[in-house]
Structure formats: structure tokens, C-alpha cells
Amino acid sequence: MINKSMSWKDEAGRPFPFLLKPQGKDYLWGGTRLNDDFSKGINLAPLAETWECSTHPDGPSTVASGPFAGRLLPEVLKDHPEYLGTHPRAEKGQLPILIKLIDACQDLSVQVHPNDAYAAEHENGSLGKTEMWYVLDARKDTHLVYGFYHDMDRETLKKGLLEGTVEKYLQRVAVRKDDGFFVEPGTVHGIGAGSLIAEIQESSNITYRLYDYNRVDKNGQPRQLHVEQALQVADLKGRAEPRQPMRMLRYRPGYASELLCRCKYFQVERMLVNTERCRKMMDFQTEANSFQVLLCIGGCGVMADAGKAGEPLNFFRGDCIFVPASCTPLKIHGRAQFLKVSC
């Protein structure tokens, strides 16, 4: 086992990237695609979510390559806080973000998340939950819940919940592969059946269920709702249907990229790597201010230290790569799609 005082660096003292192994969640609405499509090898049925990059205590990731393999990610980051960089939101041993893959075989509950201020006061200092969804795949009939069709008030909403008529107020939006949705705290929402989604969010696990389609859990009991908390944080105003913005690919040697989302908590880009024809490997390196995370959503390839000091890192569809701040200069070869997440 590697000594905790040691770090994994090149000759110039710059760290290497490493793969992560996720935690799985067997929520009742999940399916099998995370194992079938991404070869997760997690013995859960259903497998609803994989927490790909997480230091949250409800599901921390494990390092899966290099000398730190087998150790929990928060332990490694606690020993090496320099991997997080100088970003003000990075704390010792804790990431400000959490990255998931979600397989919605059934509808998720209609829910809402609090903002940072409410969560800090009412949820033991937790972060709130701002999140972004990128749709990896969706059935033709897939929809999601995104706010209300028109302005609501608490009494009308409570009556709808009591009488089982609340669904008529919920705005349903068609979902297609490659769509992106930004979900601010307070937005009443629900991922629809048939969605395969990558979710990038604040590092929080605070969810208030407003409505759950009268389902029961594996013990035959109704799932817990959090109506009063939800009503305290929910935005009850009607919302315009979210539209997909224009996105523009920017081309560089060996890859193209496009911005999907930028907010004060995270930035998400889609990267299309293809070095087959250009005969030149893609250059990649992080700056001193922050780490980056590469979630491979298609294809495969290899990542190598440009100075050839470390072992090459092979990656495949579904792999999640943590790239520390101020990492060694890297070369990427292959044909793959990534979501690149930074803070």
C-alpha cells in the first residue's frame, strides 16, 4: 500500500490523473442500462444511479487506478489537498460537485431541492442542490417534469396532492438525446421514464419529494414525501418551456468542444476526441486553480503522460477520470466523447 505521505507525481512534481470507481444506488425506479451499456459490474438490481465522482458521505467514489487504487477519493484528497487546486469552493478532502449517471426505467418522483442558504440553515450545514442534466439517450415518448404550466398557490397545490390531481398542473417537456437542462434550486422537476442521463450537481443529497405517483417501496410501504419542506422552497410560478440553446463546436487539433452549461458552481463541456486522421495526439492539462473531471460517454482511447514518466491510462465508455490541478502535461489518443467538468 502506498504511504499516505507520498504522492504520485512526475519528475517536475506534477500529479497524474486516475480512474474512479463509482458507488451504485438501487432506487426502485432504476433499470439495467448502467451495467448493460457502461459495463459497471455493480451487483445491484435495479441499478438506478452510479455516483461517478463523489466525496459525499452517502456515496464516495473509490480510486481505481495507480498507486492510490482501492482508497476512497475523499481520503486521497484529504492527504493531497493540492489536487483540488486553489478554487475557493474546493475544501480539504471535499469536492464542491458530484457527478452521476442515472438510468430512469420508471418516472422519478416529482421533487425539489433547496438552495445553499436554506440547506445550510435546515439541513445541518449541507450545500443546496443546483444541477444540470445531459441526456445520453431517451425513448421517443420520454418526457420530464419542469415546473408548472401556470402560476400556482400553496392551497391549490396541496389540494391537488390530496386529491391526486396534481399531475395536470405539472409542465411536461419532451426529452431527446443530446438535450441539456439546467435545474435551479426551487424548480419542481422529475426525470421521466426512458431517460439515460449524466447529472452534474453541487455535492448535496438533499431532495424533497412532493409527489411519487402513489408508489410503494420494496416493503409495500408508501415512499416518504416531504411536502411541507418542498412547499417552503418550491418556486410556484409558471415557467416557460425550456428551449435548447444554440451550441457551437470549437475545433482544435484532435478534438472539438462545445459549452453545455456554465454557472457559479460548475462548467460542463462536451468534448469530441478523434485523433485517427490528424495523426496528432490531443494535448490536455489542468491549471493550478482547479481539478477537472472527464466522464467518457462514448468510445475509448488512451491517456498518457507527455513526458512518458507514468503508465498510460486506458479508458472506455462509462469511465470517469479525475485530473488533479496542475497535472502533468497529457496526451489523449482515440475516438471518444467526454463530458469535461470543471469548477
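Here the structure is a predicted model, which means the values were calculated and not measured. (Residues numbered from 1 in each chain as written. Predicted model: local features only at pLDDT ≥ 70, side-chain atom pairs only at ≥ 80, totals over all residues. Heavy atoms only, no water.)

**Q** Looking at this model, I keep getting lost on the overall build of the chain. Mind explaining?
**A** The secondary structure content of the chain amounts to five helices and 21 strands. Compactness check: the chain gives a C-alpha radius of gyration of 21 Å against a globular reference of 20 Å for 343 residues, within 12% of the reference. Residues classed as buried in the chain amount to 54% of the 343 residues present. Nonlocal contacts in the chain, meaning residues at least 24 apart in sequence, comprise 72% of its contacts between residues at least 6 apart. Of the accessible surface of the chain, which amounts to about 16100 Å², a share of 47% is contributed by carbon and sulfur atoms. (Helix = DSSP H or I, 4+ residues; strand = E, 2+ residues; numbered from the N terminus. Rg over C-alpha atoms; globule rule 2.2 N^0.38 Å. Buried < 20%, exposed > 50% of the residue type's maximum accessible area, 1.4 Å probe, protein only. Contact = heavy atoms within 4.5 Å. Areas by Shrake-Rupley, 256 points an atom, 1.4 Å probe, with all protein chains shown as cover.)

**Q** I'm lost on the sheet that holds strand β3 (residues 49–53) in this one. Help?
**A** Sheets are built from strands paired through backbone hydrogen bonds, the pairs being either parallel or antiparallel. The six strands lie next to each other as β2-β3-β5-β12-β7-β10, forming an open sheet whose pairing is antiparallel. The open sheet terminates on both sides in strands that have one partner only, identified here as β2 (23–25) and β10 (180–183). Taken over all neighbouring pairs, the strand axes of this sheet differ in orientation by 20° on average, direction set aside. Here seven bridges tie strand β7 (residues 131–138) to strand β12 (residues 195–202), and the two strands are oriented antiparallel to one another. (Pairing = 2+ DSSP bridges. Axes fitted to C-alpha atoms, helices over the stretch in contact; angles between N-to-C directions.)

**Q** Looking at this model, I keep getting lost on the side chain of D10. Mind explaining?
**A** Here D10 lies in the segment before β1 (18–21). For D10, a relative accessible area of 11% gives the class buried. At 2.8 Å, the side chain of D10 forms a polar contact with the backbone nitrogen of R14. (Polar contact = N/O pair within 3.5 Å; in protein donor to acceptor, adjacent residues only side chain to side chain.)

**Q** Please explain the side chain of S290 as it appears in this structure.
**A** Examined against the element boundaries, S290 turns out to sit in the loop between β17 (282–284) and β18 (292–305). Apart from the residues within four sequence positions on either side, S290 is in contact with L84, G85, H87, A325 and C343.

**Q** Where do I start with the state of the cysteines in this structure?
**A** Formally, a disulfide is one covalent bond, and it connects the sulfur atom of one cysteine to the sulfur atom of another. For the coordinates displayed, the defined rule picks out zero disulfides. This cysteine, C261, is not joined by any disulfide, and C263 carries the nearest cysteine sulfur, 4.9 Å off. We classify C261 as buried; its relative accessible area is 7%. The thiol of C300 is unpaired, and the distance to the nearest cysteine sulfur, on C296, comes to 7.6 Å. On the basis of relative accessibility, which here comes to 38%, the residue C300 falls in the partly exposed class. (Disulfide = S-S within 2.5 Å.)

**Q** In this structure, what is going on with the pattern of salt bridges? I would like to understand it.
**A** Working definition: two side chains of opposite charge can pair if their charged atoms are close together. Applying the stated rule across the entire model yields 23 salt bridges. The closest approach of N and O atoms between E258 and R247, which form a salt bridge, is 3.1 Å. Of this pair, E258 sits in strand β15 (residues 255–262) while R247 sits in the loop between α5 (227–233) and β14 (250–252), placing them 11 residues apart in sequence. Under the relative-accessibility criterion, E258 is labelled buried at 5%. Under the relative-accessibility criterion, R247 is labelled partly exposed at 25%. The salt bridge partner of K340 is E269, with a shortest N-O separation of 3.3 Å. Of this pair, K340 sits in strand β21 (residues 330–342) while E269 sits in strand β16 (residues 267–274), placing them 71 residues apart in sequence. (Salt bridge = Lys/Arg side-chain N within 4 Å of Asp/Glu carboxyl O.)

**Q** Explain helix α4 (residues 154–163) to me, please; I cannot follow it from the model alone.
**A** The α-helix winds at 3.6 residues per turn, so residues separated by three or four positions along the chain end up facing the same way. If you check which residues of α4 are buried, you get L157, G160 and L161. For α4, the angular spread of the buried residues around the axis is 100°, confining them to a single face. Looking at α4, the residues exposed on the side facing more than 90 degrees away from the buried face are E155 and L162. Turning to α4, the residues buried within the fold contact β8 (143–148), β13 (208–211) and α5. (Arc of directions from axis to C-beta.)

**Q** What is the right way to read the pairing of strand β20 (residues 320–323) from this model?
**A** Covered by surrounding structure in β20 are C320 and F322 together with I321 and V323, the residues of both alternating faces. In this structure, β1 lies alongside β20, joined through three bridges in antiparallel fashion. Along β20, the bridge assignment pairs F18 with F322. With four bridges connecting them, β18 and β20 associate as antiparallel partners. Bridged to L295 within β20 is C320.

**Q** What's the story with the packing of aromatic side chains in this structure? I'm lost.
**A** Here a ring pair, both rings aromatic, is described through the centre-centre distance and the interplanar angle of the planes. The tally for this structure, following the rule as stated, stands at 10 aromatic pairs. Seen in terms of ring centroids, F18 and Y83 are 6.5 Å apart; in terms of plane orientation they differ by 45°. Their pairing is tilted. One end of the pair, F18, is in strand β1; the other, Y83, is in the loop between α2 (73–79) and β5 (97–104), and 65 residues separate them in sequence. Judged by its relative accessible area of 0%, F18 falls in the buried class. The exposure class of Y83 is buried, given its relative accessible area of 1%. By way of ring pairs, the aromatic residues F18, F68, Y83, F291 and F322 are connected into one cluster. (Phe/Tyr/Trp six-rings, centres within 6.5 Å; stacked < 30°, edge-to-face > 60°.)

**Q** I keep staring at the environment of G299 and nothing clicks. Help me out?
**A** You can see G299 is positioned in strand β18. A residue is classified by how much of its surface remains accessible, and G299, at 37% relative accessible area, is partly exposed. When the C-alpha positions of G299 and G160 are compared, they lie 46 Å apart, and in sequence the two are 139 residues distant. Beyond its immediate chain neighbours, meaning those up to four positions away, G299 contacts F316, R317, R335 and A336.

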